[in-house]
Every structure is written in C-alpha cells, then in structure tokens.
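One letter stands for each residue in the lines below.
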Amino acid sequence: MADSKPFHMDPSATGAFQALDATIKAFEVPQEADGQIDAVVIGGGTGAPVSIRTLLSLGISTSAVVAMADDGGSTGILRDKADVTPPGDIRKCIAAFADDPTDPLVRAFKYRFAVADDHALGNLLLAALEDASGSFPEAIRICERLVNAQGHVYPSTLDHVTLTARTRDGRTLDGQAVACHSKTALESVSLVSEAGPIRPYRPAIKAIEQADLIVLGPGSLFTSIIPNLLVPGIVDAIQRSRGSVLFVCSLADMQGETWGLSAREHLAALFDHGMYGLVDYMLVHTPVPLRAESPATGSFIAVAGDEPEHASTSDLDDLRLSEGVRPVPITYQDVLAIQAEGPVVIARNLVDRQHPSWHNPQALRDALLQVINLMHARRDF
C-alpha cells in the first residue's frame with residue numbers, strides 16, 4: 001500500500017539496518033574471524049541483507065548469491081512492463097554492502113516513491129542501467145561502485161524464471177508473490193523458463209565454490225532461499241565447495257508458505273530440494289533453553305550452553321513467545337533428529353524484543369561467531 005508521504009523505505013529493513021549498524025559500532029572485529037574467511041550468503045528478500053551486514057561486522061569477506069524469481073511489487077511491475085531482470089532482491093543486497101548506510105545516496109537508493117507505483121529508486125536505477133549498459137551484471141557493478149559496496153552481489157541466474165509451488169493440500173500456485181502468501185504451507189517449488197533450460201550465472205558458481213562459509217538465510221524458505229538451489233549447478237557448486245554450510249532458520253511464521261512448519265520441517269524442505277547431507281550447522285531460535293539430559297546429546301549440550309528448563313516451546317503461550325509472535329517451533333526431540341542427519345544445532349534466543357519477527361543483531365552476530373569458532377575447532381577450513 002502506498003505511503004502517505006511521497007518517499008519512504010521498507011520499515012523492517014530500515015529498522016534492522018539501524019540496529020545492526022549500532023551493533024557493528026559497538027564491537028571490534030574479532031581476531032578469530034579477521035582476514036581468514038570468505039563467506040557467501042545465499043538467499044534474497046529481507047533476510048539475506050541481515051546476514052550480509054552481520055558477516056561484515058565480523059570482518060569477513062562476503063558476497064551474496066540472490067534468487068531471481070521475485071515477481072511482486074515494484075519488481076513485478078518492472079518485469080511485466082519493461083521485461084527487465086528482477087532487481088528488487090539484488091537492490092536490497094547492494095544496499096546491505098554499502099560502506100556507509102547513512103550516506104544520502106545509499107538512503108536514496110532504498111527510497112520508494114508512493115507517487116509512482118511504490119517503485120524503489122534502486123529498482124529503477126538497476127533497470128535503467130541494464131538497458132543502458134546492455135548487461136544486468138554491469139548494472140549491478142555500477143550500483144556497487146555508487147554505494148562503495150564492501151562485497152559483490154551475484155544473481156543465481158540471468159534467465160527470466162518463474163516460480164511454481166505445490167501446497168501441502170495439493171494445489172498448484174504460479175508466481176513467487178502468490179506462493180509466499182499461500183493459505184497453507186508449501187510442499188515443494190520449482191523453476192520454469194519459457195526460454196528453455198535454466199543456466200546458472202558462472203560468477204555465482206565460482207563464489208560458492210571458493211567460499212569457506214556458505215550461509216543459507218535467514219529469509220523465506222520456499223521463495224527466497226530454495227529458488228537459488230533450483231538453478232542447475234548451484235547445489236553442485238555447494239557440494240564441490242570446501243566451505244561449511246550454515247542454515248539460519250526463520251524466527252517466525254510471517255507468510256503462508258511455511259505456516260505451521262517446525263524447524264525440523266524447514267530443514268527437511270532443504271533436504272528435499274537437493275541439500276541432503278550438505279548442511280553442517282543449523283541456527284534455530286528458542287525463547288527458552290531446551291532440556292538436554294540424554295547421554296546421546298553431548299554435541300547439543302556443548303553448542304547450546306544453556307541451563308535446561310523446557311523440552312519444547314509448545315507449553316508456552318504467545319505472550320511469552322517473542323511478545324506475541326509464535327516462533328518456528330523446535331523441540332529437544334527435533335534437535336536430536338536433526339543432529340542424527342548430520343547438522344550441528346545451535347539453539348539460542350535470537351529474537352529482537354522490540355521487533356519480534358527480526359533477528360537481534362547482537363545475538364545473531366554472537367551465534368555466527370560461535371559457528372566460526374566451531375569451524376576452527378573442527379578444522380572445517
């Protein structure tokens with residue numbers, strides 16, 4: 001819906017960046033991470049930028065591989081009327097890489113025009129530069145220079161693709177914007193292109209292959225993260241990479257696509273879309289410590305580091321669960337089942353108390369640093 005003001009920015013993204021930037025200024029770059037790790041974030045939407053800013057705060061060289069299935073809002077209008085490559089998620093990640101988020105040019109890059117179909121200036125600029133330069137990657141590079149980006153953004157494919165989803169009650173939904181607002185959780189998604197076989201963008205493949213840490217999410221599971229994995233060659237690149245894979249599970253169900261799914265079911269969806277055996281770490285939110293008392297749970301005890309209180313979050317009411325937003329559920333039994341499949345589970349309270357659907361920047365930063373320390377200890381790179 002158009003704002004009453006002529007210009008505005010996405011409030012969730014703005015608030016998240018302000019919190020992250022305040023956190024970044026409050027910490028020095030840890031010696032454990034400084035200059036030793038190359039990371040790539042795979043995702044899209046509003047989740048990938050949060051991981052990007054957090055990794056940058058740790059002094060980690062970071063790039064991003066972004067899904068190209070977005071067809072809603074400003075991006076959808078530009079796709080339909082100008083036949084351009086979807087710019088929206090690329091624009092959000094470019095802004096996340098900006099050296100100074102408070103720079104007026106960076107702020108203007110994120111402005112939306114309520115007087116013009118709520119288009120984001122960055123979307124219009126990317127679309128115009130794609131036409132002027134004849135190349136979407138060149139348009140991205142120009143915008144990265146404009147904001148003095150600290151890393152690179154790569155589309156997972158340059159082909160114009162459409163997302164098709166199948167719901168758990170057997171319906172078929174066409175388009176990312178429709179799928180993310182499904183009335184029931186999704187079971188699977190696929191990509192189609194009218195131009196023929198979908199091809200990966202080679203620099204994206206190279207970035208994944210060379211990464212020490214590959215971060216999936218946070219973000220919409222079926223419409224931001226998995227669409228990247230559906231591009232032929234992306235999962236193969238993850239498999240060839242020397243890097244460890246971290247899945248940052250969403251905090252809460254905010255869209256219909258994962259409505260009611262547990263953290264374990266989120267991971268199962270990744271497995272069903274090519275990632276079985278490839279996830280090394282999984283970061284999950286729990287507002288209360290999970291009970292760890294079985295001798296078979298040594299890894300979970302070491303990683304969680306909390307005093308036992310509850311076996312699950314199912315007995316807590318909404319007001320105790322992140323101030324009214326029910327998080328993606330996780331039980332102690334789920335943790336055991338997940339770890340039996342291979343990933344090390346890191347369970348922490350990650351919610352921002354002021355904004356219950358957002359990650360707390362300091363908590364996410366501490367959790368990512370814990371993953372890096374575990375990688376050192378396990379000699380994963």
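Note that the structure is a prediction, hence the values are computed from the model and not measured.

Caption draft 1: Molecular detail of the side chain of E130. With respect to the helices, strands and loops of the structure, E130 is situated in helix α6 (residues 121-133). Discounting residues that sit within four places of it in the chain, E130 has contacts with V84, T85, S135, F136 and A139.

Caption draft 2: Quick peek at the sheet that holds strand β4 (residues 112-113). Taken in spatial order, the three strands make up an open sheet running β1-β4-β5, and their pairing is antiparallel. For this open sheet the edge positions go to β1 (7-8) and β5 (119-120), each flanked by a neighbour on one side alone.

Caption draft 3: Quick look at the packing of helix α3 (residues 73-82) against α6. Between α3 and α6, whose axes approach to 10 Å, the crossing angle comes to 25 degrees. The orientation of α3 with respect to α6, classified from their angle, is roughly parallel. Here α3 runs over α6; the crossing is right-handed. Every residue of α6 that contacts α3 at S74, T75 and L78 is listed here: N123, L124 and A127.

Caption draft 4: Looking closely at unusual backbone geometry. Cis geometry marks the peptide bond from G217 to P218; its omega dihedral reads 0 degrees. As for its placement among the helices and strands, P218 is situated in the loop between β10 (213-216) and α10 (221-229). For D83, which is not glycine, the phi dihedral falls at a positive 55 degrees. Counting through the fold element by element, D83 comes out in the loop between α3 and α4 (88-96).

Caption draft 5: Local environment of the packing of α6 against helix α7 (residues 136-146). Direction vectors running N to C along α6 and α7 enclose 125 degrees, while the axes themselves pass 8 Å from each other. With respect to each other, α6 and α7 are oriented oblique. Where α6 crosses over α7, the two elements pack in a sense that is right-handed. Where α6 abuts α7, its residues L125, L126, L129, E130 and S133 lie against F136, E138, A139, I140, I142, C143 and L146.

Caption draft 6: The arrangement of the sheet that holds β10 in detail. With respect to topology, seven strands assemble into an open sheet ordered β6-β3-β2-β10-β11-β12-β13, the strand pairing being parallel. In this open sheet, the two edge strands, each paired with only one partner strand, are β6 (152-155) and β13 (344-348). The mean inter-strand angle of the sheet, taken between neighbouring strand axes irrespective of direction, is 20 degrees. Those strands touched by helix α9 (residues 202-209) are β2 (38-43), β3 (61-66), β6 and β10, and its axis lies near 120 degrees from that of β6. Sheet strands in contact with helix α15 (residues 361-378) are β10, β11 (244-248), β12 (281-285) and β13, and its direction is about 155 degrees off that of β13.

So, how was this worked out
Residues numbered from 1 in each chain as written. Predicted model: local features only at pLDDT ≥ 70, side-chain atom pairs only at ≥ 80, totals over all residues. Heavy atoms only, no water. Helix = DSSP H or I, 4+ residues; strand = E, 2+ residues; numbered from the N terminus. Contact = heavy atoms within 4.5 Å. Pairing = 2+ DSSP bridges. Axes fitted to C-alpha atoms, helices over the stretch in contact; angles between N-to-C directions. Parallel < 35°, antiparallel > 145°, perpendicular 65-115°, else oblique. Left-handed = near helix turned anticlockwise from the far one by under 90°.

From the geometry alone we can't say anything about function, so treat these as descriptive.
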